[in-house]
Each structure stands twice: as structure tokens, then as C-alpha cells.
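# Structural characterization, general
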Protein chains: 2
Amino acid sequence: MRPIDALVNSLSEARVVTDPDVIDSYARDRTFVEPGKPLGVVLATSRDDVVTTMKWAGEHRVPVVPRGGGTGLAGASIGTDGSIILSLHKMTAIKELSPADGIAVVEPGVITADLDKAARKHGLMYAPDPSSYEISTIGGNLATNAGGLRCVKYGVTRDSALGLEVVLADGRILDTGRRTMKGVTGYDLTGLFVGSEGTLGVITSATVRLRPAPTAPPATFAAEFGSLRDAGAAVSAIMAAGCQPSLMELLDRATLAAIDEWRNIGLESTTQAMLIGQSDASDGQAMVEKMERICAENGASFVAVSSSPEETEELIGLRRLAYGAKERQGACLVEDVCVPRSLLPDMITAIEAAAVRHGVRIATVAHAGDGNVHPVFIFDHGAVEPPPEVWAAADEVFKHALKLGGTLTGEHGVGLLKRRWLALEAGPVASEVQRSIKAVFDPLGILNPGKAI
Amino acid sequence: MRPIDALVNSLSEARVVTDPDVIDSYARDRTFVEPGKPLGVVLATSRDDVVTTMKWAGEHRVPVVPRGGGTGLAGASIGTDGSIILSLHKMTAIKELSPADGIAVVEPGVITADLDKAARKHGLMYAPDPSSYEISTIGGNLATNAGGLRCVKYGVTRDSALGLEVVLADGRILDTGRRTMKGVTGYDLTGLFVGSEGTLGVITSATVRLRPAPTAPPATFAAEFGSLRDAGAAVSAIMAAGCQPSLMELLDRATLAAIDEWRNIGLESTTQAMLIGQSDASDGQAMVEKMERICAENGASFVAVSSSPEETEELIGLRRLAYGAKERQGACLVEDVCVPRSLLPDMITAIEAAAVRHGVRIATVAHAGDGNVHPVFIFDHGAVEPPPEVWAAADEVFKHALKLGGTLTGEHGVGLLKRRWLALEAGPVASEVQRSIKAVFDPLGILNPGKAI
Ligand SMILES: Cc1cc2nc3c(=O)[nH]c(=O)nc-3n(C[C@H](O)[C@H](O)[C@H](O)COP(=O)(O)OP(=O)(O)OC[C@H]3O[C@@H](n4cnc5c(N)ncnc54)[C@H](O)[C@@H]3O)c2cc1C
Ligand SMILES: Cc1cc2nc3c(=O)[nH]c(=O)nc-3n(C[C@H](O)[C@H](O)[C@H](O)COP(=O)(O)OP(=O)(O)OC[C@H]3O[C@@H](n4cnc5c(N)ncnc54)[C@H](O)[C@@H]3O)c2cc1C
């Protein structure tokens, strides 16, 4: 009997997929990484399925690749040779939603947007909103510590995670954290699992924080700048003035040009950057007017403010078009560095220089309020993977981010793609400590080996 | 040569205190725990001193008790027999304060209030504000994950910690985290050290987040209620309405009576609880008026709103008097449980029942917006430690908090005092995992042994 047969016996055929084509579709994420040949896919429907899978994997020393929506941009859920893909996407129950306590308890496969929708019915929201929120799962968001547009105000996924149920590598069940807003018993294990990219345990339930949903539609501004430096200065000035935007996105010239080419937005030849900001506070209109003034003071050539839902949709729509506009132009490698806020213009300038030097096309958007920059490398549609000059430019971008006191990844994670550069950021002591922690949770090394650390 | 002489030789006499009286003063915190007989106190002035101390301690297997301001309420920095107390309170440099990036880099001995004051000069603030902020240190706040009045809006110390420099048990230096607002490379080691009560490493530097300071004076309301349940319902309704108070404190009848006895505040015989709330938002006045209305709708017998700094001072002053008023009445054991927000009235009712059943005096204040409740057990001034009936009542309070899905400690930590109850909250798997993590960082068990876990 092959090991996989033992698993099929324990879990039933319906829950273990061995069809190679189906396996292949579960072995990919949203990167270019070519998967290996996994043994199969487990479609877990309960914590028990996960426990059974982990015990089996331990016994047979089979690597397990946990998987949510498969929307990752770092190769973290890529299926490797001889592994089992453990998909959580069928565990979609919202087990509890307590408006009084401001929390929800959910299974890991719940789609991010579905939780937010459920919360809105009670005047609440689930704040973390990666742009992938309609296709990513809460489990995946937790395992990557996903950010999003709103996190400039509401924090990243970590800031909404109160407690987890985790199946450990040996099948034991660990409960971390709590259902209260505060608590300091024991080490912060919840924080340890958040962002661990499936290498420490499999999240089977999460207690997350819900926040009051804004009561009025958000007020929005857009500002155009003749230089990146001015736009960057405006961001710094806005943050320093205590404006607390609920969204603050920067689009560079290349991104605007891609959108203009697609939708003809009447882009001025002098516009080098656009800043789109929002406030969802009860005095949001006054807040964005203040942000607009600060933009004007910092040399914006054009500013518009809106609080009508339609106009707001139009302005935010521009940001939403960014990715699609780039995909029209070619295949995209979406990168993700983060620098201290004030160095945003330096970072974007360095990105533009790298593009020129290596003759590659890069269009950049940034969660500007947090210094989180997404350079998107655009190359030939036909290519199966990014050509060498793209990686050479990316290498330069990563190193520059580190030189500025920044990090290789603000929100997408390390996965497979960034491991090459990891040692440059984490010194030898940190690397050793990380490996020791990994060994505590996964002494056999069966949980998503080769990823993240 | 005694081991301590070797340490004196390496560090100089000025930095190693061996006078028994001085040692004793460094061996206590703000609890009743009687210290042991430590070998000495190291007054570290640099990271190198800490490294030297840890290497020496490892060589001689001497337990090390890190210590900040010694203001702890859990016995976590109590000096034990044969230990070395490693005091960080002389490392007070604010090494960097960058308004542009919204961060500061500080040594661990910086007094919390001093960092806040330094930030205010740039229109920023350091948000975490334990009531002890004029005497506690940033290192101690990090090691306990301290909360405070403002944390209902700005989060606990954890939410302001971006990166740490830590001297490990064997003297190696570990850098965790980063100086950016976001970042997901590697496991969250920063979070692991925050709240670890000096058992995993010694924090020698911290990069913390600063936030824009409110520009206008806060608006404040106070509301009196004829029943705790009404006050609790008002808190729930306020939070559910999305009001986002920057402070939300509840005082029970016993606390109000203690204050009244001292300062004659004209307490009505029917008043069972008072709620004091604040908003520091730019539309704070409107916000507190909304909160005031919600209090009235929930049966408040009296409400007052103020935005003049003097009246605000008076209202907040009431809250500040709470502890002093209790200390006048007797010796105080300050406890600290946290429950899901909606169960606040149940928790306080159970506390009052425990007081009656065990014939002890308990006066309670709560960081109500977070469900964090501080029952203060008042007993005879002369007693060296809380009498058995106080512990019996406390035992009941802790168990009730756990029954409600709450936690033993919302912000003060486990230290020595709560270890007895710890197993009731953390199951066997979590306890085992905690111990394994401890072993990764401190295989010899020399860092604050017998505390926290
Ligand atoms: C169009 C688009 C826009 C995006 N925008 C953003 C954005 O704004 N912000 C952002 O942060 N990311 C963004 N992403 C990246 C991606 O969506 C996030 O990383 C997301 O959190 C991944 O969730 P997932 O459910 O798809 O996880 P997967 O891709 O399936 O897995 C990601 C990682 O999580 C692990 N994992 C998944 N579920 C579990 C579990 N239950 N237990 C343990 N480990 C688990 C996997 O092993 C893997 O390491 C975007 C992606 C796309 C395609
Ligand atoms: C009047 C009063 C009011 C209080 N109000 C609050 C409140 O509102 N909220 C709250 O959370 N707490 C409160 N406390 C408790 C206490 O002030 C906090 O726990 C505070 O964070 C302790 O800081 P400290 O510098 O005094 O640390 P200490 O008491 O010296 O040490 C506390 C713990 O931290 C460890 N430690 C200290 N420095 C370091 C370091 N550099 N590296 C590693 N470990 C270290 C110690 O080993 C110990 O485990 C209050 C205390 C008093 C007396």
C-alpha cells in the first residue's frame, strides 16, 4: 500500500484528490513558480481531517503544504515534489459573530470579504482588506499577516487576531490567545503563528476582532504632482499633521500611463504621481479637505475632493484599475518592499533608476501612509517566468530597500521567492533563533518545508 | 574568589552593588512579595554591561532578574535567593526620535512619560500610558506588554513596538523587527519578547511607534448609574455605536465611596457606578455628546460633558484619585482580570458577591472599553501580606473571569503571583509549547526563573 492509500482510507476518497490535473491546479499560487509533483490534495472539512492528515504525514514523513485561497504572491503555497497539499478552503463556517463583544470566531477557509459582509450586517467590519479580499481566505491572511488598503488606519491582520486554534505538526491541538481585547498570560503564540506561512502549524479556527463600521460614506481626495518628491513630502506632511487617513495610495507615472492607455483618463504630460486618500471618520470631509490643503501646499498641480459615493467610486476605481492595466501590458511580477515612511520618494526614485538601468518596465503603486511599495515588473506575456533582467532589477530594488532601513516584504511574505535575500535582512542570530523555533513546532520538518525561513 | 567578585572585576565596583540594604531595595516591586537574598545588583549603563552580566551568569549558573522601574504588580522583578538583579534604569537615552518616520529608538530605562514628553515637542505622542507612566520604564512596559487608559483607542504596548535589540541568555545579541510600519520577514520575534517578563532575553534597545498627538484638548463626559448593569450596557452600546473613545473608565460604588470619604464629592446614595469617557478626536465634542446620549438612554441618572481643560481635569482627576483613596483605607492588592466586553457587569457583580461571601473589601475600577477589570482588595494597613480570605476571594474572581471566557491578567502579567492559576487558563499543550520556547532562548534556565510561565 502506498502511503497515500492509508490517507485515503482514513479520510475517504472524496476528501483526498489524486487526479494529477486537479493536483496541479491546487499546487499553484499567483506567482510564476512552477510547482513540483505533489502526491495529492486533502480537501479538509473539519479540524479532525487536519489532525488525521498531520498524523499521517508525520508517520510517513510527507511534507504538508497548507493552502487557503492560493492567491499568494510569494510562492508560499506552491506544491512541492512528494508533498500533500492540505487545502482549508472548504472550512467556511463563521461559527460565531458577537456584536456585543466585537469578535467573530471563524474557520480558516472563510473568504475575507464574506466575513466583512457578515460583520456589516451588525454595523461592524472586519478591517484587514488585502486587494485580494474577494478570493483570499482568513487562514491565508493570518498565515501571511496580510495588509490592505485600510491598514494605514486599522493595522494589519495581526492587529485583528485575538486567538487561534492550531493543529501542530504532530497532530496536537493548540489554543492560543483569547476572546478578550487584552491579555498577557504566557508568551504571544498568536503573534508567532501570524505571518508564519504555514511552517509552524495549521490554523483551523480563528477568533478575530471586529470594529465598528464607519457610519457615513468615506470622503476622498485625489491629488496630482509634478514630481515624486513632492508627493512623498505631501504624504509625510499629512501623516505628521495627524490626519489619520483610512486609505492613502500613491500611483506613479508608469501606473497612471498604463491606466490612461486603457481607459483614457486624460493624464497630463506633467503628472508624475497621483495620491488618493480617504477618511472614513465622522468628520471625514474636514479631514480630507485638510489633506487636500496639505497636498496643495506641497506643490500638487491638481486636487479634487469628493464625498459623493459615485465620485468616490471613480477616484478609488482608478486605484483598482492599476493591476488590470498592467496585466494588459504584459505578465506581472508583483513586488513588495517597505521603507520608513519618509524615504518613500527615495525608494520610488531608486525603482525608476533600476528600471532604466536594466531596461525593464516597472510600474509602482504604494500604500504610501505605511511606506509599503509595490513595484510591478512587467514583461512579455509569453514568458513562463520573469527574465533575468527583471530579477537583476528586483535584486537592486530589494537591496536598496534594506539600505534604507526597510524590509524585503511589507505584506506578501517570503515564501519561495524571497528566501534568496532573507539572510541580508535577518542577521545570523535571528536566523538561528528562527530555525530553533521552527524545530520546536515541527521537529520532523514536514510543515511547508523550504518556505518562509 | 566568589563568583560575584569576577563580575565586579569585569564591570567595575560602581556598577555592581553588593550592599545588602541597597540590594533589598532593588529586590522588591509594588507587591507584597517578600524578596529572597540576591547576590547583588548590576546597574547597567550599556548593552556591553548586559552582555558581560549574561555571560558571567551563564558561566556561573546565576539566575538573572531583569528590572526596570520596579513598579510591577505581579512580582515579576522580585529578587530571588542567589540571583543577580540586572537593573536597566540607568540606560535612559532616547537615541533617535524621527518625526518624519513616526518612530523613536530608545534605551530600556527611559521613563515612559519622558518619551511621551519628548515626542510631544514634535506634535507626536507615545501612546501606551500605564497609570504608572511617570515611574515605569519602556523596557518594563515592553516586558509586561503594559496597557493604560488610552489603549482602548491606541492599543497596548505591543501595538507600539516595531523592533527590539535583545541580549540573549548566552550573551548573543538579537535584533528583531524593523523600523518600518509593516514587515513580514521571519517569525514575529518582537511580539514574542513583548510580555515575556524578562524570561526570554534582556531588552537593551527598542524601536517604537509614535503617533500624532491630538491637536485639541480632549472632550470628556461623566455619567452616574443606579446599577452596574446599566453602566455595562452603556459601555456596550457606546462601543457598538462606533464612538471610539480615547478613554473609558468605570468606577464602582466602593471606589466612589472611598473617594467621597476622602474628598467629599457629594456622592448620591443611589449611585452604583460612574463612567468617565473621553474623546481626543478632532470632533471629540460631538463624539462625547453622542456617548452622553447613549448613557442617558441606558438609564444614567446624571451626565455631564465638558471640553474645558479645567473641568476635564476635574473629571479625570476623580479617576486618578481612585488608587490613593483606597490606599488611605488600607493596604491594597491590585488585581487585573479581563473579560469579553459584554460580560463586564457580570464580572463586577461576581466580584461584589465574592467580597460579601469572604467578608473582604474590594473596590473596582475598569478599563471598561476593553473589559479589563481591576478589583482592588483592601485589607489592614499593618498586614505584611494579603490575608487568606483575600486570596480566597481572589481565587473566586480569577475562576469566574476564566468561566466567562476571560483571562487572569489583562495587563499586569503573571509574575510570581498568578502562576498558581496559570494552568487553569493555558491548557497542557500551550504550557508545553511555552516551556519549549523558553528552552530555545534560555536552555540553562537563568533568565528570571520561576516567573511568568
Ligand atoms: C490580485 C491580488 C491582490 C493582492 N493584494 C494583496 C494585498 O493588498 N495585501 C496583501 O497582504 N496581500 C495581497 N495579495 C496576496 C495574497 O492575496 C495574500 O497573501 C493572502 O493573504 C493569501 O491568502 P490565501 O488564502 O490565498 O492563502 P494561500 O495563498 O493559499 O497561502 C498563503 C500562505 O498561507 C499558508 N496558509 C494558508 N492557509 C493556512 C492555514 N489555514 N493554516 C496555516 N497556513 C495557511 C500557506 O501555506 C501559504 O504559506 C494579493 C494577491 C492578489 C492575487
Ligand atoms: C500605581 C501603579 C499603577 C499602575 N498602572 C498600570 C497600568 O495602568 N497598566 C499596566 O499595564 N500596568 C500598570 N502598573 C504595573 C506596572 O507599572 C507595569 O507592569 C510596568 O510595565 C512595569 O514597568 P517597570 O519598568 O516598573 O518594570 P519592572 O516592574 O521593573 O519589571 C516588570 C517585568 O519586566 C521585566 N523587565 C523590566 N525591564 C526589562 C528589560 N529591559 N528587559 C527584559 N525584561 C525586563 C522584569 O524582569 C519584570 O518581569 C501600575 C503600577 C503601579 C505601581
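Residues numbered from 1 in each chain as written. Chains lettered and ligands numbered in written order. Predicted model: local features only at pLDDT ≥ 70, side-chain atom pairs only at ≥ 80, totals over all residues. Heavy atoms only, no water.

## What about the sheet that holds strand β8 (residues 161-167) of chain A?
All names here are of chain A.
- What the five strands build is an open sheet, ordered β5-β6-β10-β8-β9; its pairing is antiparallel. In the strand order of this sheet, the two ends are held by β5 (94-98) and β9 (173-177), each with one partner. When strand polarity is set aside, the average angle formed by the axes of neighbouring strands in this sheet is 10 degrees.
- Sheet analysis places β8 next to strand β10 (residues 202-209), joined by six bridges and oriented antiparallel. Among the inter-strand pairings, Glu165 is bridged to a residue of β10, identified as Ser205.
- Against the sheet, helix α3 (residues 47-60) makes contact with β8, β9 and β10, and its axis sits at roughly 50 degrees relative to β8, the strand it touches most. (Pairing = 2+ DSSP bridges. Helix = DSSP H or I, 4+ residues; strand = E, 2+ residues; numbered from the N terminus. Axes fitted to C-alpha atoms, helices over the stretch in contact; angles between N-to-C directions. Contact = heavy atoms within 4.5 Å.)

## Describing helix α8 (residues 228-240) of chain B
Residues and elements named next belong to chain B.
- When the terminal C-alpha atoms of α8 are compared, their 18 Å separation across 13 residues agrees well with the 18 Å that a helix rising 1.5 Å per residue should span.
- What α8 keeps buried is the set Leu228, Ala231, Gly232, Ala234, Val235, Ser236, Ile238 and Met239.
- After α8 finishes, the residue Gly242 shows a positive phi value of roughly 75 degrees. (Expected span 1.5 Å × (residues − 1). Buried < 20%, exposed > 50% of the residue type's maximum accessible area, 1.4 Å probe, protein only.)

## What to know about the relation of the copies chain B and chain A
- At an RMSD of 0.0 Å, chain B and chain A line up after a rotation of 180 degrees and a shift of 0.0 Å along the axis. A rotation of that kind, with that shift, is consistent with a two-fold axis.
- With an isologous cut-off of 70% or more, the 100% of interface residues of chain B that recur at the interface of chain A puts this contact in the isologous class. (Least-squares fit on C-alpha atoms with pLDDT ≥ 70 in both.)

## As for the UniProt feature "domain: FAD-binding PCMH-type" (unreviewed entry) in chain A
- This chain's UniProt record puts "domain: FAD-binding PCMH-type" (unreviewed entry) on residues 34-213 of chain A.
- Note that residues 34-213 of chain A is 22% helix and 25% strand, and that its end C-alpha atoms are spaced 41 Å apart. (UniProt positions renumbered as here; feature names shortened; annotations may be inferred.)

## Section: the interface of chain B and chain A
- Chain B puts 73 residues into the contact, and the matching count from chain A is 73 residues.
- Looking at the side of chain B facing chain A, the largest losses of area belong to Lys182, Val184 and Tyr187 of chain B, adding up to 18% of the total buried there.
- Along the contact surface separating chain B from chain A lie six salt bridges.
- Two residues, Arg172 of chain B and Glu432 of chain A, come together in a salt bridge whose shortest N-O distance is 3.3 Å. (Buried area = accessible area lost by both parts, 1.4 Å probe. Salt bridge = Lys/Arg side-chain N within 4 Å of Asp/Glu carboxyl O.)

## Description of the packing of aromatic side chains
All names here are of chain A.
- Per the stated rule, a full pass over the model turns up eight aromatic pairs over all chains.
- Judged by centre distance (5.2 Å) and plane angle (50 degrees), the rings of Phe32 and Phe379 are tilted. With Phe32 in the loop between α2 (20-26) and β2 (40-43) and Phe379 in strand β19 (residues 372-379), this pair connects stretches of sequence that are 347 residues apart.
- Assessed through its relative accessible area of 7%, Phe379 is described here as buried.
- A network of ring pairs unites the aromatic residues Trp391, Phe398 and Trp421 as a single cluster.
- Here the guanidinium or amino end of Arg263 rests over the ring plane of Trp262, the centre of that ring lying 4.3 Å away.
- Seen from the ring of Trp391, Arg420 lies directly overhead, with NZ or CZ sitting 5.6 Å from the centre. (Phe/Tyr/Trp six-rings, centres within 6.5 Å; stacked < 30°, edge-to-face > 60°. Lys NZ or Arg CZ within 6 Å of the ring centre and 35° of its normal.)

## Some thoughts on the pairing of strand β3 (residues 64-67) of chain B
All names here are of chain B.
- Neither face of β3 is open: one carries Val64 and Pro66, the other Val65 and Arg67, and all of them are buried.
- Bridge count for β3 against strand β4 (residues 84-87) is four bridges, and the pairing is parallel. Opposite Val65, over in β4, you have Ile85 as the bridge partner.

## A few points about the nonpolar core
- With 59 residues, the main nonpolar core has Ile437 and Phe441 of chain A together with Ile437 and Phe441 of chain B as its most contacted residues.
- Leaving out residues up to four positions away in the same chain, Ile437 of chain B has contacts with Tyr187, Leu189, Leu192 and Phe441 of chain A together with Leu192 and Leu200 of chain B.
- Ala219, Ala401, Trp421 and Leu422 of chain A belong to the second largest nonpolar core, which has 56 residues in total. (Core = buried A, V, L, I, M, F, W, Y, C linked by side-chain atoms within 4.5 Å.)

## Comments concerning the sheet that holds strand β9 (residues 173-177) of chain B
Residues and elements named next belong to chain B.
- Ordered in space as β5-β6-β10-β8-β9, the five strands form an open sheet in which the pairing is antiparallel. Looking at the sheet topology across the chains shown, the edges are occupied by β5 (94-98) and β9. Neighbour-to-neighbour, the strand axes of this sheet turn through a mean angle of 10 degrees, independent of strand direction.
- Against the sheet, helix α4 (residues 112-120) engages β5, β6 (103-106) and β10 (202-209), with an angle of about 35 degrees to β5.

## Quick notes on unusual backbone geometry
- At Arg61 of chain A, a position not held by glycine, the phi torsion is positive, near 55 degrees.
- Position of Arg61 of chain A among the secondary structure elements: in the loop between α3 and β3 (64-67).
- The class for Arg61 of chain A is exposed, based on a relative accessible area of 56%.
- Positioned with a positive phi, Glu197 of chain B is a non-glycine residue whose angle comes to about 55 degrees.
- On the secondary structure map, Glu197 of chain B appears in the loop between α7 (189-193) and β10.

## Looking at helix α9 (residues 253-263) of chain B
Residues and elements named next belong to chain B.
- Three or more residues of α9 are buried, namely Thr255, Leu256, Ala258 and Ile259. Axial view of α9: buried residues confined to an arc of 160 degrees, hence all on one face.
- Those residues of α9 hidden inside the fold are in contact with β13 (247-252), β14 (273-279), α11 (309-329) and β18 (361-367).
- Its side-chain oxygen at 3.3 Å from the backbone nitrogen of Ala254, Asp252 defines the N-terminal cap of α9.
- Looking one or two residues past α9, Asn264 carries a phi angle of roughly 50 degrees, positive in sign. (Arc of directions from axis to C-beta. Polar contact = N/O pair within 3.5 Å; in protein donor to acceptor, adjacent residues only side chain to side chain.)

## As for the site of ligand 2
All names here are of chain B.
- Around ligand 2 sit 33 residues, and of these Pro66, Gly69, Thr71, Ser132 and Thr137 come closest.
- Between ligand 2 and Glu411 there is a distance of 3.0 Å, counted from a nitrogen atom to a side-chain nitrogen or oxygen.
- When the free accessible area of ligand 2 is taken as 980 Å², the share hidden by the protein chains comes to 95%.
- Among the elements of the structure, β3, α5 (138-144) and β10 are those that each provide at least two residues to the shell around ligand 2.
- No other element matches the five residues that α5 contributes to the shell around ligand 2.
- By residue class, the composition of the shell around ligand 2 is 10 nonpolar, 19 polar and four charged.
- Counting residues domain by domain, the shell around ligand 2 receives three or more from each of domain 1 (3-87) and domain 2 (94-212). (Near = heavy atom within 4 Å. Areas by Shrake-Rupley, 256 points an atom, 1.4 Å probe, with all protein chains shown as cover. Nonpolar A, V, L, I, M, F, W, Y, C, P; charged D, E, K, R; others polar. Domains from an automatic or database assignment.)

## Considerations on the site of ligand 1
Residue and element names in this part refer to chain A.
- Of all residues adjacent to ligand 1, which total 33 residues, the nearest are Pro66, Gly68, Thr71, Ser132 and Thr137.
- Between ligand 1 and the protein, one listed contact pairs an oxygen atom with a backbone N or O atom of Ala76 at 3.4 Å.
- Thr137 is positioned with one of its side-chain polar atoms (N or O) 2.7 Å from an oxygen atom of ligand 1.
- In isolation ligand 1 offers 970 Å² of accessible surface; the protein chains occlude 95% of this area.
- Contributions of two or more residues to the shell around ligand 1 are made by β3, α5 (138-144) and β10.
- Of the residues forming the shell around ligand 1, the biggest block, five residues, is contributed by α5.
- Here the shell around ligand 1 is composed, by residue class, of 10 nonpolar, 19 polar and four charged.
- The residue makeup of the shell around ligand 1 includes at least three contributed by each of domain 1 (3-87) and domain 2 (94-212).

## Looking at the pattern of salt bridges
- Taken as a whole and assessed by the stated rule, the structure comprises 48 salt bridges over all chains.
- With a shortest N-O distance of 2.7 Å, Glu249 of chain A and Arg319 of chain A are connected by a salt bridge. Of the two residues, Glu249 of chain A sits in strand β13 (residues 247-252) while Arg319 of chain A sits in helix α11 (residues 309-329), which places them 70 residues apart along the sequence. Across the pair, Arg319 of chain A and Glu249 of chain A agree in class, each one buried.
- Asp346 of chain B serves as the salt-bridge partner of Arg229 of chain B, at 3.8 Å between the closest nitrogen and oxygen. Separated by 117 residues along the polypeptide, Arg229 of chain B in helix α8 and Asp346 of chain B in helix α12 (residues 344-358) bring together distant segments of the chain.
- On the basis of relative accessibility, which here comes to 48%, the residue Arg229 of chain B falls in the partly exposed class.

## Digging into the pairing of β8 of chain A
All names here are of chain A.
- Taking burial as the measure, the seven residues of β8 include seven buried ones, the bulk of the element.
- Note: β8 against β9, five bridges, orientation antiparallel. In the sheet register, Gly163 faces β9, and the bridge partner there is Gly177.
- Connecting β8 to the next strand, β9, in antiparallel fashion are five residues, including Gly171 with a positive phi near 90 degrees.

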